Amino acid sequence: MKRLMLAVMALMTMVGCGTPEHIRNELRAPAYPLITIDPYTSAWSGADNLYDRQIMHWTEKDFPFVGVLRVDGELYRFMGVEQALLIPIAPMGHEQSWEATYTFDKPTGDWTAQNYNDKGWEKSFAPFGMNYTDLKTQWRTPDIWLRRTVELSAKDLQADKYMLNYSHDDIFELYINGDRIIATDNSWKENQTVEITREQIAKWGNTLTIAAHCQNTLGGALVDFGLYRSDNAAMKLTTSAQQTSADVQATRTIYTFTCGEIDLRLTFMAPLLLDNLDLVSRPVNYVTYEVTSNDGTEHDVEIYFEAGPQWARHANSQKSISEVVADERFVYAKTGTVEQPILQKFGDDVRIDWGYFYLAGDKTRYSTAKGNPFDMRYEFVERGSISSCEGDYLAIASHLGKVGTKPVSDFIMVGYDDLYSILYYGEQVRPYWNRNGDSSIEKQFAAAADEYKSLVKKCEKFDAQLMADAREAGGKEYAELCALAYRQSIAAHKLIENPSGELAWISKENFSNGCLGTVDVTFPSFPLYIYYNPDLAKGLLNFIFELCESERWDKPYAAHDAGRYPHVRGEDYGGEGMPIEESGNMLIMTDAICQADGNADYALKHWEVLTTWANYLVENGQDPRNQLCTDDFMGHLARNTNLSIKAIIGVAAYADMARMAGKEDVAEQFTAKAKEMAATWKLMAREGDHYRLTFDKGQDTWSQKYNLVWDEILALNVFDKDIANAEVTYYLSKFNKYGLSLDFRSYVTKSDWLMWSATLSSDKATFEKFITPMYDFYHNTDGRAPMPDLYHTNSLKHRTGWLQARSVVGGYWIKMLKDKKTK
């Protein structure tokens, strides 16, 4: 029982132990983590070279971040792009609502023509749709047709280029003055862009009629579009550096560049050491640079960083205010919206628009500015300095002086003061770092600067140790995937202390539905947190227990979620949720926490509701009726054998907690029941040399039985060992090019569940056979967004805007957790 506790304690103290050598990560990441503070302040590079593409939020919206090194007057851009500013001509509705003529009935005649008579159509404001945020008009029919007239000014007609932005769900076509510009397949995407040429504008003239048709085939609906221009002010002032390497470690992403006669090493560090909650919560990351002459002579060097106001606003139409300030130690450049709508927005594809984003540096070595990015860049190009002007972009720069063969190193800090983080049943709750209201963002920057040198050493040790431990457990490819997953999982959470004084480690269900604290998202991510810090594992469950033990909840099974991020307000999912899925998840995770603690105290706090859930699983879990499980994208399924496994392990976990609590009669009763259910499961699910997707006989089906892994990790031992062995052997015969599908019905897989199924293997070599095709997908996919956990095992294409940047990749720690537990 105490093995898991000992394993966790060993990992928590490893930072202070001897450190293995640094092992470079050779994975070409789909996207590289740069700044990872929480779901809102999360920046990534979606390109092989840091300077090939604009830095982005995980929602793939631009978070402009530019870095330039000036060497003897020559400019080398090592990060971001000198992107043109888009000036709205006719902004999208999510930025500024616009009026459309529309109809739900199929129009006659050429409805795309400029001179079409739409007099009988209705009028209302965009965006149109359902089940999305910021909608102005509900659209609930299968089809909608819209028309919008745009008048171009003389300045608009002189623009260098034009961009048409659009969002759609599902099939979408758009025309300008009768010419078709866009025709999509059956998909749903937000804020897509297509370039419009000056020649097209010249052909159409200064009056544009934009006509669109959208067909909703299933689920949510959305249509919105707008026109933008950019001007010649976006002339390029720099040339690209030459990137020579990129290396993702658990807490750091390290790049190297050649900038003419100077070599540059750039490190993004987020000291997310999970045994230190103040560090996990601290809203400050570091960007460290080291420069060295590569030709043996000295060179005059300056460095420049620039960030856009997009870091602190949801939509580009929101007005921002930027300023430069200073205190006794640091200079800051900060930006935030004028309106400051604290905790008003909620949902999935949402960025923060309250609080303030900061660039900060030591005032003796840095200068800051705010203004028009092109003017600030031009001054840096000409003089190597910066000064403020009209505009809302931020810059920070330093003159490094003469740089020779001796390395010169320094750092800037990137931070975000969100003021209040979570709306908790109507109460605004501060972030954990300011839970008592006695801290400030300035104090957090000061603490970050004071601890910088020690944290660099700790992060280096942690990264090397993780890579070594993961290699030992599952091989090189497994270790490299874990390194990439670490910050992604953590940054999909926000840490607070709830009004009752309990820790709440609240996840956001990124690009899934935006739910908060979703239990079947917590469950796959759980191995990472129980592995390093059981208190964080409890933080994942505390607010779910609070909901299910309150008058807000009257069902005999566990809730699916606790709201829509960042609003804790009770279950948001709708319908009946996932009765067996979530009840089994809660019981299993609670037992793992009790084993880590070495006692049942945590379970006893919630014994009544745990008992209710265990009884529910006894009554309903053997042969589940038609319902959803965590793989809800596959639809409802009756008689689901993998879901039945979860129910049975949940019953056994309850028995284990009862035994730890000294409730021997209860333990005996539920252990016997779990073993009886497991024996029945084996008889009902058998299909020759493997086990079925459902209990229906006469069908040669199969599915991943990933839930089975907890039987061994928790030492419950209710299922016969030959079941896992038979399943693993069978899975090896069903691999596609990029791994094992979830089941026989499609090519779709989930990397977290695939990792769990691999962990059913009895030896490392077999485990690695599961990992290699998964690794190949992530190494080669054409989707350049943070790791998606859902992908197709027969294709390198990734459907953007779907199950990416999620916390569930914390499930990759299942293999190390099993190894530590069973040693």
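Rules used in this analysis
- Residues numbered from 1 in each chain as written.
- Predicted model: local features only at pLDDT ≥ 70, side-chain atom pairs only at ≥ 80, totals over all residues.
- Heavy atoms only, no water.
- Helix = DSSP H or I, 4+ residues; strand = E, 2+ residues; numbered from the N terminus.
- Buried < 20%, exposed > 50% of the residue type's maximum accessible area, 1.4 Å probe, protein only.
- Contact = heavy atoms within 4.5 Å.
- Areas by Shrake-Rupley, 256 points an atom, 1.4 Å probe, with all protein chains shown as cover.
- Lys, Arg positive; Asp, Glu negative; His and termini not counted.
- Charge placed at Lys NZ, Arg CZ, Asp CG, Glu CD.
- Patch = residues over 30% accessible without salt bridge, like charges linked within 9 Å, V, L, I, M, F, W, Y side chains within 5 Å.
- Salt bridge = Lys/Arg side-chain N within 4 Å of Asp/Glu carboxyl O.
- Pairing = 2+ DSSP bridges.
- Axes fitted to C-alpha atoms, helices over the stretch in contact; angles between N-to-C directions.
- Phe/Tyr/Trp six-rings, centres within 6.5 Å; stacked < 30°, edge-to-face > 60°.
- Expected span 1.5 Å × (residues − 1).
- Arc of directions from axis to C-beta.
- Core = buried A, V, L, I, M, F, W, Y, C linked by side-chain atoms within 4.5 Å.
- Polar contact = N/O pair within 3.5 Å; in protein donor to acceptor, adjacent residues only side chain to side chain.
- Left-handed = near helix turned anticlockwise from the far one by under 90°.
- Nonpolar A, V, L, I, M, F, W, Y, C, P; charged D, E, K, R; others polar.

**Description of the overall build of the protein**
Item 1. In terms of helices and strands, the protein carries 20 helices and 39 strands.
Item 2. If you line up the protein on its principal axes, its C-alpha atoms span 80 × 75 × 50 Å.
Item 3. Sorting the 823 residues of the protein into buried and exposed places 64% on the buried side.
Item 4. Of the contacts formed within the protein by residues at least 6 apart in sequence, a portion of 73% connects residues at least 24 apart.
Item 5. Roughly 28,900 Å² of accessible area belongs to the protein as shown, and the carbon and sulfur atoms make up 46% of that amount.
Item 6. For the protein, the distance from the average site of its 85 positive side-chain charges to the average site of its 114 negative ones is 2 Å.

**Describing a negative patch on the surface**
Item 1. A cluster of acidic residues, D72, E74, E261 and D295, forms a negative patch on the protein surface.
Item 2. Note that E74 resides in strand β5 (residues 74-79).

**Points about the pattern of salt bridges**
Item 1. All told, the structure shown has 46 salt bridges when counted by the stated rule.
Item 2. Here E502 ties to K605 by a salt bridge, and the two come within 3.2 Å at their closest N and O atoms. In this pair, E502 is assigned in the loop between β32 (493-497) and β33 (503-507) and K605 in helix α12 (residues 601-605), connecting sequence segments 103 residues apart.
Item 3. We classify E502 as partly exposed; its relative accessible area is 22%.
Item 4. Among the salt bridges present, the one from E581 reaches K646, with a minimum N-O distance of 2.4 Å. Here E581, found in helix α11 (residues 579-597), pairs with K646, found in helix α14 (residues 641-660); they are 65 residues apart in sequence, far enough to count as distant.
Item 5. Residue K646 is classed as buried on the basis of its relative accessible area, which comes to 0%.
Item 6. By sharing partners, the salt bridges in this structure join E509, K750, D752, D789 and R806 into a single network.

**What about the sheet that holds strand β23 (residues 299-307)?**
Item 1. In space, the six strands of this open sheet follow the order β18-β5-β4-β23-β28-β27, with mixed pairing throughout. Looking at the sheet topology across the chains shown, the edges are occupied by β18 (239-240) and β27 (367-371).
Item 2. With seven bridges joining them, strand β4 (residues 65-71) and β23 adopt antiparallel strand pairing. Across the sheet, residue G67 finds its bridge partner in β23, namely F305.
Item 3. Contacts from helix α5 (residues 373-383) reach β4, β5, β23, β27 and β28 (393-403), with the element oriented near 175° to β23.

**Re the packing of aromatic side chains**
Item 1. For the structure on display, the rule yields 59 aromatic pairs.
Item 2. Judged by centre distance (4.9 Å) and plane angle (85°), the ring pair of Y531 and Y532 falls under edge-to-face.
Item 3. According to the relative accessible area criterion, Y531 is buried, its value standing at 2%.
Item 4. Geometrically, the ring pair formed by Y778 and Y791 is edge-to-face, given 5.8 Å between the ring centres and 65° between the ring planes. Note that Y778 is positioned in helix α19 (residues 764-780) and Y791 in strand β39 (residues 790-792), a separation of 13 residues in sequence.

**Re the pairing of strand β2 (residues 42-45)**
Item 1. Burial along β2 is two-sided: S42 and W44 and A43 and S45, pointing in opposite directions, are all buried.
Item 2. Between strand β1 (residues 32-36) and β2, which follow one another and run antiparallel, lie five residues.
Item 3. Bridge analysis of β2 against strand β3 (residues 56-57) gives two bridges, and the strand direction is antiparallel. Bridging across to β3, A43 finds its partner in H57.

**Focus on the sheet that holds strand β16 (residues 207-215)**
Item 1. With antiparallel pairing, the six strands of this open sheet are ordered in space as β8-β7-β11-β16-β13-β14. For this open sheet the edge positions go to β8 (122-125) and β14 (179-183), each flanked by a neighbour on one side alone. Within the sheet, the average angular offset between the axes of one strand and its neighbour, ignoring direction, is 25°.
Item 2. Sheet topology places strand β7 (residues 99-103) next to strand β11 (residues 143-151); three bridges connect them, and they run antiparallel. Note that in β11 the partner of T101 across the bridge is R147.

**Re helix α15 (residues 664-685)**
Item 1. An ideal rise of 1.5 Å per residue puts 32 Å on 22 residues; α15 measures up with 31 Å between its terminal C-alpha atoms.
Item 2. Within α15, burial applies to V666, A667, F670, A674, M677, A678, W681, K682, M684 and A685. Along α15, the residues classed as buried sweep out an arc of 165° about the axis, all on the same side. Exposed side of α15, more than 90 degrees from the buried face: D665, E668, Q669 and L683 are the residues found there.
Item 3. The elements touched by buried residues of α15 are α13 (607-620), α14, β36 (686-687), β37 (690-691) and α17 (721-731).

**Section: the nonpolar core**
Item 1. Within the largest apolar cluster, 216 residues are counted, with the highest numbers of intra-cluster contacts made by F65, F305, W710, Y812 and W813.
Item 2. By residue number, the principal contributor to this core is α14, which donates 12 residues.
Item 3. F65 has contacts with Q54, I55, M79, G80, F268, V287, F305, E306, A307, W311, L359 and V414, leaving out every residue within four places of it along the chain.
Item 4. Counting residues in hydrophobic clusters, the runner-up holds 33 residues, among them I176, W204, C214 and L227.

**Re unusual backbone geometry**
Item 1. Following D169, the chain continues into D170 via a peptide bond in cis, with omega recorded as 20°.
Item 2. Summarising the element assignment, D170 is placed in the loop between β12 (161-169) and β13 (171-176).
Item 3. In the segment running from Y565 into P566, the intervening peptide bond is cis, with an omega of 0°.
Item 4. Of note, P566 is situated in the loop between β34 (563-564) and β35 (567-568).
Item 5. A positive phi angle, close to 50°, is found at L803, a residue other than glycine.
Item 6. As for its placement among the helices and strands, L803 is situated in the loop between β39 and α20 (814-822).
Item 7. Of the residues examined, L803 reaches a relative accessible area of 3% and is grouped as buried.
Item 8. Phi is positive for A805, close to 60°, though the residue is something other than glycine.
Item 9. Take A805: it is sitting in the loop between β39 and α20.

**Details of the side chain of Q704**
Item 1. Relative to the elements of secondary structure, Q704 occurs in the loop between β37 and α16 (709-713).
Item 2. Separated by 3.1 Å, the side chain of Q704 and the backbone oxygen of L740 make a polar contact.
Item 3. Excluding residues that lie within four positions of it along the chain, Q704 makes contacts with N642, Y731, L740, S741, L742, T749, W753, L754 and S757.

**Structural notes on α14**
Item 1. Over its 20 residues, α14 runs 29 Å from end to end, which matches the ideal 28 Å to within 8%, given 1.5 Å per residue.
Item 2. One side-chain oxygen of the residue at the start of α14 lies 3.0 Å from the amide nitrogen of N642, identifying that residue as N640.
Item 3. G662, located one to two residues past α14, shows a positive phi value of around 80°.

**Considering the packing of α11 against α14**
Helix-helix packing is characterised by the crossing angle of the two axes and by the distance between the axes.
Item 1. Between α11 and α14, the least distance of the axes is 8 Å, while the angle of their chain directions is 35°. The way α11 lies across α14 gives a crossing that is left-handed. Between α11 and α14, the contacting residues are I580, E581, G584, N585, L587, I588, T590, D591, C594 and Q595 on the first element and L643, K646, A647, I649, G650, A653, Y654, D656, M657 and M660 on the second.
Item 2. Its residues assigned to classes, the contact of α11 with α14 shows 11 nonpolar, five polar and four charged.

No statement about biological role is implied by the geometric values presented.
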